[in-house]
Structures are given as structure tokens and as C-alpha cells.
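Fold and geometry: a report
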Amino acid sequence: AMPPKRGGPGWATLGFAEGDVNRDGWPDLIVSIQENANNGLTSTMQLLINNRDGTFHDQPDTALNIIRTDGFFDKTFALDLNQDGWLDLVAEQNHFGVRLYQNVGGHFEERTETLPTGTSGARPRTADFDGDDRIDIALFSGNKTRIAWGKNLWPAVCHYAASVGGWAFAGQGGSGSVDITTTPDCQWTVSGLPGWVQVTNASSGSGSATVTFQAAANAGAALSGTFTIAGQTFTVEQQAASTAGLNFAGSMDHIASAGTWKTTFDFINLGVASANARISFFGDNGSSLPLPLTFPQAPPTLGPLVAASFDRVVSAGASLVIESTGPDAQATSVGWSQLLTGGNISGFAIFSNPLYGWDAVVPMESRNAASYLLAFDNTGVLATGLAIANLVNQNADIPVIVRNSSGIQIGSFNLALLAMGHTSFMLKDVYPITVGLRGTIEFQTPPGGWISILGLRANGPSVTTLPVLANVGTNGGSITHALFNGEWTAGYTLVNIGATAASATLSFFAQNGSGLSVPLSLPQTGEVFTGTSITKMIPARGSLLIETVGQPTQPVVVGSARLTTTGNISGFEIFKWLPFGQEASVPLESRTPASYVLAFDNTNGLATGLALAEVSGTAAATIPVIVRDDAGVSLTGPASIILPVNGHISFMLPGAYPATVAKRGTVEFQTPPGGRISVIGLRATPTGNVTTIPVLAK
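Presented here is a report on the structure given in the accompanying data block. From a predicted model like this one, the values you see are computed outputs, not experimental measurements. (Residues numbered from 1 in each chain as written. Predicted model: local features only at pLDDT ≥ 70, side-chain atom pairs only at ≥ 80, totals over all residues. Heavy atoms only, no water.)

**Observations regarding the pattern of salt bridges**
Tallied over the full model, the rule gives 20 salt bridges. D58 is the salt-bridge partner of R6, the closest N and O atoms lying 3.2 Å from each other. Of the two residues, R6 sits in the segment before strand 1 (11-19) while D58 sits in strand 4 (residues 56-58), which places them 52 residues apart along the sequence. D429 serves as the salt-bridge partner of K428, at 3.3 Å between the closest nitrogen and oxygen. With relative accessibility at 52%, the residue D429 sits in the exposed group. Linked by salt bridges that have partners in common, R68, D70, R99 and E110 make up one network. (Salt bridge = Lys/Arg side-chain N within 4 Å of Asp/Glu carboxyl O. Helix = DSSP H or I, 4+ residues; strand = E, 2+ residues; numbered from the N terminus. Buried < 20%, exposed > 50% of the residue type's maximum accessible area, 1.4 Å probe, protein only.)

**Some details on the side chain of R457**
Residue position: R457 is located in strand 37 (residues 451-459). R457 sits in the buried class, given a relative accessible area of 15%. Those residues in contact with R457 that sit more than four places away from it in its chain are D377, L382, A383, S462, V463, T464, L466, I574 and E583. (Contact = heavy atoms within 4.5 Å.)

**A word on the layout of surface pockets**
By volume, the largest pocket amounts to about 1200 Å³. Looking at the lining of the largest pocket residue by residue, the class counts come to 25 nonpolar, 16 polar and five charged. (1 Å grid on protein atoms, 1.4 Å probe; cavity = no way out; pocket = protein on both sides within 12 Å on 5 of 7 lines; lining within 4 Å. Points joined across faces, edges and corners; volume = space filled by probe spheres on them. Nonpolar A, V, L, I, M, F, W, Y, C, P; charged D, E, K, R; others polar.)

**Concerning the sheet that holds strand 16 (residues 197-199)**
A sheet is described by the order of its strands in space; here four strands give the open sequence 12-14-18-16, paired in antiparallel fashion. One side of each edge strand has no neighbouring strand; the edge strands of this open sheet are strand 12 (161-162) and strand 16. With seven bridges joining them, strand 14 (residues 174-181) and strand 18 (residues 209-215) adopt antiparallel strand pairing. Bridged to G176 within strand 18 is F213. (Pairing = 2+ DSSP bridges.)

**Here's the deal with empty space enclosed by the protein**
Inspection of every chain in the model, using the stated rule, returns three cavities of 30 Å³ or more. By volume, the largest cavity amounts to about 50 Å³. What lines the largest cavity is I268, N269, L270, G317, V597, R628, T666, E668 and K698. Among the elements of the structure, strand 22 (262-269) and strand 54 (664-670) are those that each provide at least two residues to the lining of the largest cavity. For the lining of the largest cavity, the per-class residue count stands at three nonpolar, three polar and three charged.

**Quick notes on the nonpolar core**
Core analysis: the largest hydrophobic core is formed by 35 residues, its most contacted members being Y492, L506, F508, I546 and F575. When residues in this core are grouped by element, the largest group, five residues, is from strand 41 (residues 502-510). Non-local contacts of F575, meaning those with residues more than four positions away in its chain, are made with L483, W488, T489, A490, Q582, E583, A584, V586, L682 and T692. Ranked by size, the runner-up nonpolar core spans 34 residues in total, among them M252, F295, I345 and M364. (Core = buried A, V, L, I, M, F, W, Y, C linked by side-chain atoms within 4.5 Å.)

**Description of the pairing of strand 42 (residues 518-522)**
Buried residues dominate strand 42, accounting for five of its five residues. Every second residue of strand 42 is oriented toward a common face, with V518, L520 and L522 on one face and P519 and S521 on the other, all of them buried. A loop of four residues connects strand 42 with strand 43 (residues 527-531), the two strands running antiparallel in sequence, and G526 in this loop sits at a positive phi of about 85°. Note: strand 42 against strand 45 (residues 543-548), two bridges, orientation antiparallel. Paired with S521 across the two strands is E547, which belongs to strand 45.

It is worth stressing that arrangement in space is one thing and function is another; only the former is reported here.
In C-alpha cells:
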């Protein structure tokens, strides 16, 4: 709906300019109106402000609403002539010529007097004719053409943008840079440098430029400081020359930043005292990998902190969240990350690609095993990939053995990695022998070495990470969340990493703890089976796939599963959310800690869910629950969850614990005395992406 025209019913609309006049994110209108009488020479303009619902209101404006009798306005242009972020107005008035109006905070003031003399009756055209990033106005009148240069209309307002907001340096020092973007006639100066930082090129200038600087080696305690560039505060920090008590906590074997990729890190202090975390990044060639980092829990800054290694103190029970991304057009930075800590800090990462709707979790790997085994499935549209990192400062020559699902070796290779190096690839590209097959690929740790591996599965629109098996015992374990029917289906991959054939029994339990009858199929043999458990022999180094046969029209059935075995058999589940084509992996849980800690994030449209199972099989469990925010402060909510023998429960956290709505934090589940439980987390995005969240053992 439009308000009445100014001037009344005898007036007609000639034209309009559109643009966000008041900078509220909605387009407004500047309408030119003429009176039908007086040969149409009587005219005015009207400012219509968008009500953000498809309607407009008339906002009085002293400069625009003047009724003029010297010509009508037939063309208007909304342009930011002085680069202050507010749209100004160039109006072409019949007979008179051109009028200029400056937007001053949402209202207009006439600035026609700044135009060159002798341009009466001129017609305007606008562009940056001299390349100074200011809009100029070409005025055509009779046989004359004049240029009203943008720099002469009225003073420009200088705006400065910095590419980054700070740098973090290692103790041995290093170099950094920041790109300053502004217009050619805007001056800038670097000032207030800390004594341990020096500019290595010009410390002042005009227009866009790159400022480079150097941090000297640090001989003492950690340093931090600020300096200004063009009046904007830039931060610098440097690690201490040496920090005692830092120990390896784990690695995250694949990170990706920029070029449509984003990696989010979540570190949690599981201890009872504050502790230091040192986070470092390494590229494929093993060198330090500087990444742009933002800290969503902290107030906004000028820009990201660039760091290849940096320190943070994490309070007891608190979480530290870090994000790294960059422009879509920028090359992707790929590598791996390492955590050192003086306390009990653990965590995980999630790498995502919003362009394709991919989210995949990267658990922290702390094992140092003789070998690692990844089950692969390259049948149909499925494709398996992996990332591998060399965690020591020596080159690695890694023996690789490929076997089919029967455990028969079909290939052996060697994979070379540079010291602290990394690589990632799809199996079919590097090992074509795996095309169209299911099986396993084993990576053997070289003598004196330490490697770490992450598996990846691509299935149409879904990407999920795969558990990598190592140090597998004979005690089996539990799958915390099993489901079928409705919008869900699931598959279970069991792998015998032992040297002899062994039996595996997979048993299913309903939420109330009773046996759960599940319809199953075995793609490798074509068998179909329905029952509360299934027992199969798996050959040495072989693998077995068991899939649910769900009914889409029936309600979803949920519960848990438990693996018992006579050998070294482990595995995982992959469940699929059919409407969105999304998958998530559930590792076999064999740990028996005093507590499990799940990090949650219910901010920015994210929602965290979880499943909890009683797996001792001998007694009901009353499980104490402690909910904390990301600062480690306790939140309100049910203090315990009761499960029957072999029982199961699953829920979204915001519904069961409203205090977690729009918050980050952790939920701790304490194992009852003499009992045994298992937990898995789930993260859902507003676009329907799902990924499981690693649960940390405390």
C-alpha cells in the first residue's frame, strides 16, 4: 500500500529512485511528482520509507518536499557520492538542470551549489570516470560536456577495512601482515606498536596498502599487546619462550578453512582447575599453517586472529569454541591440528561446507597404535575417503594393506608423509583396486613413528566421518542408538581385526530394555532375517555389513544394540535420515569411564540431541546429570535420568533441559556405582544436516 501523493489529486507521478535511504536493510522510494497544470513545471519529491512489510509511509523531508515551479524531475539516481554509507540523490530537473542532495543520516540537504557553473539545463550521467573510487557526474548541456568530479562535490568520509584483526606468534617470533582497504585520498598511520613488534615496510600512507610487521624472538613470559592502523585496534600475542607441563592430548586429523569450507573447534576442560591449551595447525607439507580464527564466545573484533599456534586458558568445566573460515573464492587451507595441555582438556572439530550442506565431525585422536584399520565401502554411489597425519618430526613411510570383505589381501602399498605432514584423498583415486568393493584398509605405524587417521564416507548429499579401529579387544561394546522404520534406516559394519575367524553377536534392545525384534538383511550374502539378535562368523581381517529393512509407513522404532564376540571384533553404525539424505556414524562404545561429557551448542539455529543406554545388562541405572554453560557454571534441569536394565532414552536437549536453549555448554552423565552406560550426541542444523558428536570420557 502507498500513501497519498503529495500535492493532491491533480498531481502525477513521473518516476522514482529506489535504495535503502535509512540503512535499515529495506529498499525505500524517492518519488518525483508534477502538477498537471502550469505546463507541468510545478513539481516536488516525496520520500517513502519501507515499513518492512510491503507497505510504505510518507516521511517528511524539508529539502525534497519543496514545491518548485522551474521544471519537473524526470530522472533521479540514488548513489553514495561521498562514500559515507548513505545513499545521496542526483535529480535531473527539466529546464533547471541537475540538483544534488546529500543524505545526512536519513534526511536530505541540497548541495547543488557544489556543481560547476554553467551547467543549467544539463542532463547527468554517473560513473567513476577517473578511477579514484568516487562517483563523478557527467553533465551534458547543448554542445557542452562538463564533469563534476566526485572529489570536488563534498568531502569524502574515509572508511577503513582491515583483512584481519590480529596475529599470534610462536615464541621464536615471526612475521605477519594486514591489508588495509580504503580510498586513494584517505590517509592512514600505524601507531602504538609494542616494543617487541616492528613494522617492516611503510608505517603511513594513503589509499589501500599492505602493512607488514615482525615479532622478535621471545626470551620470557607470554606477551600480548595492541597497536592501531588508521585508528583501528589490531591485536598481537606471542607464546612464552618455554612453557612447562604441556603434554600431548590428541590430534584432529583433518581441518579445512576458506574456499567454501569452515572448521569449528570445541575444546572442553574436563578437570577441576583451569588449564592451558596450546592449539597448533600444520599443513600438508608439515610446516606451520596460519589460519584466520574467530572466537564466537568473545565480543566481536576488528577481524580474525591469524595463528599457526596459540595458547588459551580454559576454566574448569568450561568450553572454548574457535571457528576458522575465509572467502569462498580463496584457496582452501588444509591440514591437521594438535592439542597440548597442562590439564585435562579434550575436544573435537566439525568441518562443514555450507555450499553443499556437508557437516562431519573430527574426533580427537590420542591413541598411538601399531596399526589402524578403516572399513571402506565403494559400492554403488558410495565413496570412502580418508585423512592421515604424521604426528612426529621425521618423515614416515607407512605400509598400507588393502583387503576385501572376506579378509583376503588384494594389495599392498607404501604411503610417504613428510615430517608433521598430512594428506587426504578418496580411496578410489589413490587405490583403484578398491573401486566397487567393500573391505578394509590397514595403515601400519612405522618404527619410531606416530600416525593418526580419519575416515570419511560420501553418499550423495551426505558426508560423514567413519570410526577408525585400533587396539580392539575381545569385550565387544554397545551401539547407543539403534533405529529403523519411518524416516530412518541403519547399517552396522562389524570388522574382525584379529588373525583368526571369530563369532560376533549383535543384540537389539527396546527402550524399556526388552529384546527388540529388528528386520535385517545381509547385502554380502543376500540373507534376510528378523530377530532380537544375529550371530555370524567373520573371517580374520574380514568385515560384515548388516542393514535394517525398514517400513517407511510405520512409526520409527528406537533402542540400542550390543556386540558380544569371541575375538577382536569391533565396528560402528551409520544411520540415515531419508527425507534429507543425511547420514551420521555411531561408534561402538567400549569405554568404562566414571563420567561421559557431551558438548552442546544450541545457538544460531543449531540443536543438540543425545541418546543414553544402560549396557551392564544386570541392573537399572539412576544416572546423575550435571549441566553446565560454556563458562562452567551449572544450569538447572533434572538432576538424574532413570533407565531400566538394558533401557534406552533419546531426546533433544532444549526440550528436556530448557536452560540450555540458545546456549553452549556441556552435559555430564555420571556412571552409577557398579553400572555401565553409553552416550552419543547428535547435532542438527536448521537446513537438516545431522552429525554425531563425540562424547568425552572423564
